[in-house]
Structures are given as C-alpha cells and as structure tokens.
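# Geometric and topological summary
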Amino acid sequence: MTTIRRFCCNDLLRFTSVNLDHLTETFNMSFYMTYLARWPDYFHVAEGPGKQIMGYIMGKVEGQGESWHGHVTAVTVGPEYRRQQLAKKLMNLLEDISDKIDKAYFVDLFVRASNTPAIKMYEKLGYVIYRRVLRYYSGEEDGLDMRKALSRDVEKKSIIPLKRPVTPDELEYD
C-alpha cells in the first residue's frame, strides 16, 4: 500500500533512486531544505511497503494579485512505480492545497519541450501550454510553462496562452 505524507529531512538521504531519471531536475541539498522550511505543505513523498520512496512532489506558492499561484518545482516517480497514478495523486494534492488553503488562481509548472510523456500526462490532468520559454533548461532546451486554472480564477484568465515565446529573463520570480 502507498502512503502519501509530508516530506521530512530524513527523506533527503533516501530519495536518490527516484532522482536518477535523466528528465528529473535535481537540486543541491540547501535548495531542498529551503523548500522544506518555507513551503512544507507543498513537499510530499509517496512511500511504499518497506518505507521505499516511490516518488515526491515539491512546490511553493508565490506571486501577487491575480498572479498568486501554486508552483510545481519538481514531481517525479521512480520508473518501477510509474503507471500507477502516483504523479496524478501528488499533483492533485498540490492543486488542492493551492486551491483550498492558499486560494491561488492557478498552478503552474515547467517541463522540457522534449518530454512528450510528461506533457501528455499534464494535459490529461487539465494543464494547458501557457507559453514557451526559450532555452529555459541549462540555456539549451526550451521549456513549456503549463498552467491549470483553479476555482478562484472563474474567468480562466490565467490560462489564456501567450502568442509569442519568452526568454528566461522575462520570467517573474518571487
């Protein structure tokens, strides 16, 4: 049976196996610790029998006004645990927290333009491509900024796609 629970410091020493996927963006320990300290509600792990880490999601809430939103910084599931809807469950959890607790207008995420399986999964979850970010990944590969409107965005203004690509220096960061 799978348990989804809040990520804790000890998990940082146990989640390496799910980070080995070449499409998973990895970060240094201080980055993970910052998220754990600042946005603990947005950092969860899926744990299987024997306390094996199956996947995790890490995110935050940011922005101002109608740009107030939940952001998925990373979601990944180990290859041996895919096709069990774990990513969907983790995404739904982050969306619910963004919608019901933080009253965000939308959830966004960035995905490599070449990661077709992930793009299709996000589209099935209701995300749309909001804009293309040129050379977002290591200055080489384009990223897609995908968004899903939440209940506060009644008119769905947050997901109206931009007509032109942007560069990383045009992105707003909090």
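Notes on the structure follow. If you're wondering where the values come from, they're calculated on a predicted model, not measured in any experiment.

What counts and what doesn't
Residues numbered from 1 in each chain as written. Predicted model: local features only at pLDDT ≥ 70, side-chain atom pairs only at ≥ 80, totals over all residues. Heavy atoms only, no water. Helix = DSSP H or I, 4+ residues; strand = E, 2+ residues; numbered from the N terminus. Rg over C-alpha atoms; globule rule 2.2 N^0.38 Å. Buried < 20%, exposed > 50% of the residue type's maximum accessible area, 1.4 Å probe, protein only. Salt bridge = Lys/Arg side-chain N within 4 Å of Asp/Glu carboxyl O. Core = buried A, V, L, I, M, F, W, Y, C linked by side-chain atoms within 4.5 Å. Pairing = 2+ DSSP bridges. Axes fitted to C-alpha atoms, helices over the stretch in contact; angles between N-to-C directions. Contact = heavy atoms within 4.5 Å. Arc of directions from axis to C-beta. Disulfide = S-S within 2.5 Å. Expected span 1.5 Å × (residues − 1).

Before going further, it helps to spend a moment on the overall build of the protein. Helix and strand counts for the protein come out as 3 helices and 7 strands. Counting from the amino terminus, helix and strand elements in the protein follow one another as β-α-β-β-β-α-β-α-β-β. A compact globule built from 174 residues should have a C-alpha radius of gyration of about 16 Å, and the protein, at 16 Å, falls within 12% of that. In terms of overall dimensions, the protein has C-alpha extents of about 50 × 35 × 30 Å along its principal axes. Among the 174 residues that make up the protein, the fraction classed as buried is 47%.

What follows is about the pattern of salt bridges. On inspection of all chains with the given rule, the structure shows 13 salt bridges. One connected set of salt bridges, linked through shared partners, spans Arg5, Asp11, Arg14 and Glu47.

Within the largest apolar cluster, 35 residues are counted, with the highest numbers of intra-cluster contacts made by Tyr56, Met91 and Tyr122. Elements represented by at least two residues in this core include exactly helix 1 (29–38), strand 2 (43–47), strand 3 (53–62), strand 4 (69–77), helix 2 (86–101), strand 5 (106–112), helix 3 (116–124) and strand 7 (141–149). Per element, the largest residue contribution to this core is 5 residues, and it comes from strand 3. Of all hydrophobic cores here, the second largest spans 6 residues; its members include Ala46, Val77, Leu86 and Ala87.

Strand order in the open sheet formed by 7 strands is 1-2-3-4-5-7-6, with mixed pairing between adjacent strands. Each end of this open sheet is capped by a strand with a single partner; those strands are strand 1 (3–6) and strand 6 (128–137). Across the sheet, the mean angle separating the axes of adjacent strands is 25 degrees when strand polarity is ignored. Sheet analysis places strand 4 next to strand 5, joined by 4 bridges and oriented parallel. Its bridge partner being in strand 5, histidine 69 is matched across the sheet by phenylalanine 106. Helix 1 rests against strand 2, strand 3 and strand 4 of the sheet, and its axis sits at about 65 degrees to strand 3.

What follows is about helix 3. All of the buried residues along helix 3 are Ala118, Ile119 and Tyr122. Across the axial projection of helix 3, the buried residues extend over an arc of 100 degrees, all falling on one side. Away from its buried face, by an angle of more than 90 degrees, helix 3 presents the exposed residues Pro117, Lys120 and Lys124. Each element contacted by the buried residues of helix 3 is listed here: strand 4, helix 2, strand 5 and strand 7. Phi for glycine 126, located one or two positions after helix 3, is positive at around 100 degrees.

When you line up the elements, glutamate 95 lands in helix 2. Assessed through its relative accessible area of 6%, glutamate 95 is described here as buried. Among all residues touching glutamate 95, those that are not within four sequence positions of it are Val107, Tyr127, Lys148 and Leu150.

Right, let's get into the state of the cysteines. Tallied over the entire structure, the rule returns 0 disulfides. Cysteine 9 provides the cysteine sulfur closest to cysteine 8, a residue in no disulfide bond, and the two sulfurs are 6.9 Å apart. Classification of cysteine 8 by relative accessible area gives partly exposed; the value is 32%. A relative accessible area of 43% places cysteine 9 in the partly exposed class.

Looking now at helix 2. Taking 1.5 Å of rise per residue, the 16 residues of helix 2 would be expected to cover 22 Å, and the 22 Å separating its terminal C-alpha atoms lies within 8% of that figure. For helix 2, every residue scored as buried is listed here: Leu86, Ala87, Leu90, Met91, Leu94, Glu95, Ile97, Ser98 and Asp99. Just downstream of helix 2 lies lysine 103, where phi reads positive at about 55 degrees.

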